[in-house]
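Observations on the model geometry
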Amino acid sequence: MLKGTQQPATSAPDTDGWIKSTCPYCGVGCGIEARVEDGHMLVRGDQSHPANYGRLCSKGLALGETVINDGRLLEPSINGEPVPWDTALDHVAKAFQDSIRRHGPDSVALYVSGQLLTEDYYVANKLVKGYIGTGNIDTNSRLCMSSSVAGHKRAFGSDTVPNCYQDFEQADMVVLVGSNLAWCHPVLYQRLKAAKQQRPELSIVVVDPRVTDSVELADLHLAIQPGTDVALFNGLLNYLAENDYLNHAYTEQHTRGLADALASARQDTGKDGADFTLISTVTGVPVEHLQRFYKHFATTEKVLTVYSQGVNQSSAGVDKVNSIINCHLCTGRIGKIGSGPFSVTGQPNAMGGREVGGLANMLAAHMEFGNKEHQQIVKAFWQVDTIAEKPGLKAVDLFDAVDAGKIKVIWIMATNPVVSMPDADKVKRALEKCPLVVVSDCIADTDTVRCADIVLPAMGWAEKSGTVTNSERRISRQRQLIASSGQAKADWWIICQVALRMGYAGFNFNAAADVFREYAQMTGFHNQGRRDLDISPLAKLTNDGYDQLAPQQWPIKQQPVKTQLSPAVDQMPEQKRFFAEGQFYTANGKANLVPVSYRPPMTQASRQYPMALNTGRIRDQWHTMTRTGLAPKLGAHKPEPYVQINPQDARSFQLQNGAIAQLNSKWGQAKARVVITADIKPGQLFMPMHWTAVDSSEGRVCTLISPDVDPISGQPESKFTPVAIQPWVYQEQAILISRDAIAVSKFDYWVKRKIEGGFCYYLANHQDKPLLVQHLKSLPAFTKKGECIAFENKNNGSYRAANMLNGELLGAYIVARASNASPLDASQYAWLDTLLARELSTDIQRSILSGQAADSLVSGKQICACKQVGEYTIRDAIQQQACNSVAAVSACTQAGTGCGSCVPEIKQLIGMYAERDL
């Protein structure tokens, strides 16, 4: 239930109470519309927003369920004791001042987030680089797209994304590289899918070590060996040159470095032309697939290469980016409709952070440390006496400096590095011994908040007002939808208050609009077209104009500004693509073809650590689940940490499907459910990144991840870490549902998930521990005097029980011995999730006692999160109603009619159950 839902402070376009805003998840930047009814927030897609035209993914559709006060941080505290805001702010300001005075400006740091709004990012960067005088402000965007930033700057002279989303529909060939677009950017995937349906000749190639849901749409899947992208694209460059597909007129007029880039490519992939056998040996891609890909790329003019974390998260990430860009530059396929290299970002405002200098190696407004003129421009604009003169510490180095005692005070905003950083246990240890850790967050209990000395309550996404920029450079308004909870404040306000208390001028902003106007003005200051980023006309916005600002794609170089409330105003022309005229932001105006060479991941597999671990996102969850974890329906699809393994390796390591595995690396360990699948190659593993110490015993995958980084970008190698895997032996396992959260210290393995009416736990204890039943019986849900029912089968060790009071189910559990071939597979017991939200019935009691769901409860594993449709419902539609197409299943069950991300699984079920029916 929402609290404090009175009219928000910020006005906004409003139709029948619907307020336009922006989704707070990935970098697609989808427009939403929201309104509050009967204390609940309703959310729908904004059909007028150019990023999504009304489409939303499962996470976006469930946003209303996450706008609740459960787990909210509501007041400031110091060492766990609540304090007034003034006390907390004074304490932070004094700590920064004392450390700077005693140890110098480099003894303090900020670690911020792509979850911040541009206005928040701007004042944070201004404080650190402009007034404190250190470069030590970095962002979790370092972990997802900093290799793209560096690759852009090496090639173009600026961090410029040249493409726009319309290119998905206008390309004749789309290459997805290291991008599971179907799960990580579902709305873009749906745009691509729609384009494919309209034009079946549109060719789609997926370059990914795994068979992901994105492969379902592909004409060709290149199952590349992890980390070999440079070899693949150097081979392509070599092939283009050898077969006379280079655009010599373009390269001579608009690029430099072609000879060196070709020489490097030939060194990697064949001195006398592309050696397909050599390339195949390195990449693991069959020769015939390589030939097909290279030929099609060479002969298709409108090629869009979309890349994401599989490229960026590598110790060779920058070289991977430039190997892709080289192939586009040497063919002149950039700045044109349907063509170009397109980096899609992971966070809602990763691009906005790049704009204002949120990365440690950047100044504000796309200006650079290495450029003395830029430094003087920034200094003059901010009217400061000193300014940071060198880049600060990148994320991994920053936390290493905390660990080494060089950084005495660190302020972490809107992110959870104890979960998301590589070698995460080291990050935790570093924070625990740091003299002062300040955390601004909207969530009261995270792994990082647990390490904090001072905790400051920040507004959540629905309470904030400001702007974000998506992957196609489109600025959108995030509008305040509800009043703030408790004492929560805007991040920009918190930062400015600390700055003012430190005696710094330039932070007397009264509203987010004031911050935005200053930032917009800065982008045009001494610019005159010399820098790509320019939104200076927006500096003339009134407060009302800011409130009504429609989505704008930068650069914006002329008035008037279009507004959604004033359609009669002349619309400002947008520049959709960069580099159409072949002019770049290098000193000579030419793009650089960068010579790159393939090199394997820094840490290789060994006898002790023989498996290569890959990690990433899953369909219905986001980052560390502080938001998506609040929506019960988003947790049902993949309810536990899991590790994918090939059947061949599963046999070698004696792992059973559904059992628990222990993974170890040089840096840490984790536990996860085993998923045996041919979707992953032998020698490789995949484990998602979302689980934390708050919701699992050992589900934090980043405890395993190598701290190796790209030497240029500083981005960690999250896609390749050598690990060992083995069975984790346990005596018994259980599934528990309870209205209240339970103490988990007595359980060796546990995973906690929110369900309707309470919580679901997956539990197991090591083989030498006492019976789980003894622990379960002692839980509050079962010690309350009520009507307890129980069943025990001593032959197989199964035990089932429930406790009811006044006609209400307080809790229930099912226990089984581990020897029963993992009988507690969560998908078989999905019906338990629904019991606390139902009226108590004889069907419920009978189902608990038997361990088999009554017909009224049967649903199976959740397939469609949007429409809450389970596997058995879809199975019945296929088998009993002859629904042998996705369209037929959707018409019968509504599955697949929301965001569409479940369609590949629906197809798999059609194949599976149709075959069984035969």
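Shown above is the structure to which this text applies.
Residues numbered from 1 in each chain as written. Predicted model: local features only at pLDDT ≥ 70, side-chain atom pairs only at ≥ 80, totals over all residues. Heavy atoms only, no water.

Examining the overall build of the chain
Along its length, the chain carries 30 helices and 35 strands. Radius of gyration (C-alpha) of the chain: 27 Å, near the 29 Å computed for a compact globule of 918 residues. Referenced to the eigenvectors of the C-alpha coordinate spread, the extents of the chain come out at roughly 80 × 70 × 60 Å. By the burial criterion, 65% of the 918 residues in the chain qualify as buried. Taking the contacts inside the chain whose residues are at least 6 apart along the sequence as the reference set, 71% of them involve residues at least 24 apart. Total accessible area on the chain is roughly 32000 Å²; 47% of this is exposed by carbon and sulfur atoms. With 90 positive and 91 negative side-chain charges, the chain shows a spacing of 1 Å between the two charge centroids. (Helix = DSSP H or I, 4+ residues; strand = E, 2+ residues; numbered from the N terminus. Rg over C-alpha atoms; globule rule 2.2 N^0.38 Å. Buried < 20%, exposed > 50% of the residue type's maximum accessible area, 1.4 Å probe, protein only. Contact = heavy atoms within 4.5 Å. Areas by Shrake-Rupley, 256 points an atom, 1.4 Å probe, with all protein chains shown as cover. Lys, Arg positive; Asp, Glu negative; His and termini not counted. Charge placed at Lys NZ, Arg CZ, Asp CG, Glu CD.)

Description of the packing of aromatic side chains
Within this structure, the stated rule accounts for 32 aromatic pairs. Considering the side-chain rings of phenylalanine 516 and tyrosine 519, the 6.2 Å spacing of their centres and the 70° angle between planes classify their relative orientation as edge-to-face. One end of the pair is phenylalanine 516 and the other is tyrosine 519, both in helix 22 (residues 512–524) and three residues apart, which spans about a single turn. Among the aromatic residues, those joined into a ring-pair cluster are Phe233, Tyr239, Tyr245, Phe276, Phe293, Tyr294 and Phe297. (Phe/Tyr/Trp six-rings, centres within 6.5 Å; stacked < 30°, edge-to-face > 60°.)

Concerning the sheet that holds strand 15 (residues 409–413)
One key point about sheets: their strands pair by backbone hydrogen bonds, in either a parallel or an antiparallel sense. The strand order across the open sheet built from seven strands is 6-5-17-16-15-7-8, with neighbouring strands paired in mixed fashion. Every other strand in the sheet has two partners, leaving strand 6 (81–82) and strand 8 (137–139) as the edge strands with one partner each. Where strand 7 (residues 108–112) and strand 15 come together, four bridges link them in parallel fashion. Each residue of the ladder has a partner; that of valine 108, found in strand 15, is valine 409. Most of the contacts of helix 3 (residues 85–103) go to strand 17 (residues 454–457), to which it runs at about 130°, and overall it touches strand 5 (77–78), strand 7, strand 15, strand 16 (436–441) and strand 17. (Pairing = 2+ DSSP bridges. Axes fitted to C-alpha atoms, helices over the stretch in contact; angles between N-to-C directions.)

Considering helix 13 (residues 287–299)
Compared with the 18 Å implied by 1.5 Å per residue over 13 residues, the 18 Å span of helix 13 between its first and last C-alpha is a close match. Restricting attention to buried positions, one finds in helix 13 the residues Leu290, Phe293, Tyr294, Phe297 and Ala298. An end-on view of helix 13 places all buried positions within 125° of arc, on one side of the element. (Expected span 1.5 Å × (residues − 1). Arc of directions from axis to C-beta.)

A short note on the sheet that holds strand 10 (residues 203–207)
One open sheet holds the five strands; their spatial order is 11-10-9-13-14, and the pairing between them is parallel. In this open sheet, the two edge strands, each paired with only one partner strand, are strand 11 (220–222) and strand 14 (340–343). This sheet shows a mean twist of 20° between the axes of neighbouring strands, independent of strand direction. Strand direction decides the pairing type here: strand 9 (residues 173–177) and strand 10, joined by five bridges, are parallel. Bridge assignment links leucine 176 to a residue of strand 10, and that residue is valine 206. Running at roughly 115° to strand 11, helix 13 makes contact with strand 9, strand 10, strand 11 and strand 13 (303–307) of the sheet. Against the sheet, helix 15 (residues 317–329) makes contact with strand 9, strand 13 and strand 14, and its axis sits at roughly 170° relative to strand 13, the strand it touches most.

Re unusual backbone geometry
Here the bond from tryptophan 554 into proline 555 is cis, since omega is 10°, no more than 30 degrees from zero. Position of proline 555 relative to the elements: it lies in the loop between strand 20 (552–553) and strand 21 (591–592). Although it is not a glycine, asparagine 79 sits at a positive phi angle of roughly 50°. Here asparagine 79 is to be found in the loop between strand 5 and strand 6.

A few points about the layout of surface pockets
Roughly 560 Å³ of volume is contained in the second largest pocket. What lines the second largest pocket is a set of 29 residues, among which Met625, Gly629, Leu630, Val694 and Lys752 lie closest to the centre. Counting residues per element, the lining of the second largest pocket draws most heavily on strand 29 (residues 749–755), at three residues. The residue inventory of the lining of the second largest pocket, partitioned by class, reads eleven nonpolar, ten polar and eight charged. (1 Å grid on protein atoms, 1.4 Å probe; cavity = no way out; pocket = protein on both sides within 12 Å on 5 of 7 lines; lining within 4 Å. Points joined across faces, edges and corners; volume = space filled by probe spheres on them. Nonpolar A, V, L, I, M, F, W, Y, C, P; charged D, E, K, R; others polar.)

Some words on the state of the cysteines
Counted by the stated rule, this structure contains zero disulfides. The thiol of cysteine 434 is not disulfide-bonded; the next cysteine sulfur, from cysteine 451, is found 10 Å away. Given the relative accessible area of 5%, cysteine 434 is considered buried. (Disulfide = S-S within 2.5 Å.)

Focus: empty space enclosed by the protein
Going through the model one piece at a time under the given rule, you end up with five cavities of 30 Å³ or more. The space that makes up the second largest cavity amounts to roughly 100 Å³. Taken together, 13 residues line the second largest cavity, and the ones lying closest to its centre are Cys23, Tyr25, Cys26, Cys30 and Cys57.

Focus: the environment of serine 339
Along the chain, serine 339 turns up in the loop between helix 15 and strand 14. Taking the C-alpha atoms as reference points, serine 339 and glutamate 301, 38 residues apart in sequence, are found 7.7 Å from one another. Every residue in contact with serine 339, bar those within four places of it in the chain, is listed here: Asn163, Asp167, Glu301, Lys302, Val303, Leu304, Arg333 and Ile334.

Description of the packing of helix 12 (residues 276–283) against helix 13
Relative to each other, helix 12 and helix 13 sit at 110°, their axes nearing to 9 Å. The angle between helix 12 and helix 13 falls in the class roughly perpendicular. From helix 12, Phe276, Thr277, Ile279, Ser280 and Thr283 reach across to helix 13, where they touch Val287, Leu290, Gln291 and Tyr294. Here the residues of the contact of helix 12 with helix 13 sort into five nonpolar, four polar and no charged. (Parallel < 35°, antiparallel > 145°, perpendicular 65-115°, else oblique.)

Overview of the pattern of salt bridges
Think of it this way: side chains of opposite charge can pair up when their charged atoms draw near. For the coordinates displayed, the defined rule picks out 43 salt bridges. Lysine 196 is paired through a salt bridge with aspartate 219; the nearest N and O atoms lie 2.8 Å apart. One end of the pair, lysine 196, is in helix 8 (residues 186–198); the other, aspartate 219, is in the loop between strand 10 and strand 11, and 23 residues separate them in sequence. Assessed through its relative accessible area of 34%, aspartate 219 is described here as partly exposed. Connected through salt bridges with shared partners, the residues Lys20, Glu33, Arg44 and Asp46 form a single ionic network. (Salt bridge = Lys/Arg side-chain N within 4 Å of Asp/Glu carboxyl O.)

A short note on helix 21 (residues 491–501)
Within helix 21, eight of the eleven residues are buried, which leaves it mostly tucked inside the rest of the structure. Residues of helix 21 that are buried sit in contact with helix 3, helix 4 (118–132), strand 15, strand 16, strand 17 and helix 22. Downstream of helix 21 by one or two residues, glycine 503 has phi in the positive range, about 90°.

A word on the nonpolar core
Residues Phe293, Trp411 and Ile535 are the most contacted members of the largest nonpolar core, which totals 120 residues. Apart from residues lying up to four places away in sequence, isoleucine 535 is in contact with Ile475, Phe516, Tyr519, Ala520, Thr523, Trp554 and Ile556. Membership of the second largest hydrophobic core comes to 77 residues, among which are Met41, Ala51, Tyr189 and Ile755. (Core = buried A, V, L, I, M, F, W, Y, C linked by side-chain atoms within 4.5 Å.)

Observations concerning the pairing of strand 24 (residues 660–664)
The element strand 24 is extensively covered by neighbouring structure, given that four of its five residues are classed as buried. Alignment of strand 24 against strand 25 (residues 669–676), held across five bridges, turns out to be antiparallel. Its bridge partner being in strand 25, alanine 661 is matched across the sheet by alanine 672. Once strand 24 ends, the chain turns through four residues before running back antiparallel as strand 25.

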